[in-house]
Amino acid sequence: MSNKLKKKTAMDRETEMQGARMLGKHVSEEKGRILLAVTMLACATPVILGIRLWDQIPQVVQTGLIGANGQDDSLPRWAVAFLLPGLMCLLNFLAHYQLRVNQKRMTIPPTHVRFVGRWGFPIISVLFCSGMIFQSTGGQALPLVFVTPCVLGLALMMLGAHMYDCPEDSRIALRFSFMEHNAPLRSEVHRFAGWVWMAVGLVAIICVMVNPGSSVVASAIILAALAAPWLYGRSRSAKLG
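The notes below deal with the structure included here. (Residues numbered from 1 in each chain as written. Predicted model: local features only at pLDDT ≥ 70, side-chain atom pairs only at ≥ 80, totals over all residues. Heavy atoms only, no water.)

With respect to the state of the cysteines
Alright, step 1. Scanning the model with the defined rule gives zero disulfides in all.
Alright, step 2. Between Cys 43, a cysteine without a disulfide, and Cys 89, which holds the nearest cysteine sulfur, the sulfur-to-sulfur distance is 5.0 Å.
Alright, step 3. The class of Cys 43 is buried, set by a relative accessible area of 0%.
Alright, step 4. With no disulfide of its own, Cys 129 lies closest to Cys 43 among cysteine sulfurs, the gap being 8.3 Å. (Disulfide = S-S within 2.5 Å. Buried < 20%, exposed > 50% of the residue type's maximum accessible area, 1.4 Å probe, protein only.)

Here we look at the side chain of Ser 125
Alright, step 1. Within the element layout of this structure, Ser 125 appears in helix H5 (residues 111–136).
Alright, step 2. We classify Ser 125 as buried; its relative accessible area is 0%.
Alright, step 3. Beyond its immediate sequence surroundings of up to four residues, Ser 125 is in contact with Ala 42, Cys 43, Pro 46, Pro 85, Met 88 and Ser 130. (Helix = DSSP H or I, 4+ residues; strand = E, 2+ residues; numbered from the N terminus. Contact = heavy atoms within 4.5 Å.)

Considerations on the pattern of salt bridges
Alright, step 1. This model, assessed by the stated rule, comprises five salt bridges.
Alright, step 2. Of the charged contacts in the structure, one is a salt bridge between Glu 30 and Arg 191, with a shortest N-O distance of 3.3 Å. Of this pair, Glu 30 sits in helix H2 (residues 29–44) while Arg 191 sits in helix H7 (residues 183–210), and the two are 161 residues apart along the sequence.
Alright, step 3. Residue class for Glu 30 comes out partly exposed when judged on its relative accessible area of 34%.
Alright, step 4. For Arg 191, a relative accessible area of 32% corresponds to the partly exposed category.
Alright, step 5. One salt-bridge network, in which partners are shared between bridges, spans Glu 29, Arg 33 and Arg 100. (Salt bridge = Lys/Arg side-chain N within 4 Å of Asp/Glu carboxyl O.)

Structure (structure tokens):
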């Protein structure tokens, strides 16, 4: 009876592992390193904004938060420009590391937990940390011309991460006619889309951090990137005959 129970447990475990791989819950080591790199860079982008607006940030930034001693929990200028984005980078690294550990142990958390673990801190850093920097200079909120490319860039990065190795039966996938019945080409085009969209999304965010006036250029780059996989796929299909 005990042996049957052990055998059943082992079979259930193997079924769970196979199901996890088939459902895309597993992230390859290569993709894991890429996701860590691009999200770390995204977390760090507000530093660019802090450097650009350094002279406009007061020496002491009022946070509006009250500390344990009853006094305003103010932050020095360097903390707003460098420490907060740096903290997001650290938390992002820890989240990715923990997800990797969970995957190796086959204790894979739910989809929403994995999503927040991989993308939560880049989103917080790009929008919240940038918002803190803008408000410290006397502004009331993030300008729309700044927010729009940042949101589009983050969305494109997330879409690119999904496309990098999405399975054939994925609900969100590229479905070009020239890829039908050609699995190698389909995989190649999706991987190309993943690389390009993650890179372009990051570049768009960096562009507006350097110069908010470049929002039109950043948006144009994003639109061009959306068409890149089709152009690449058509070219590859023509060469392969």
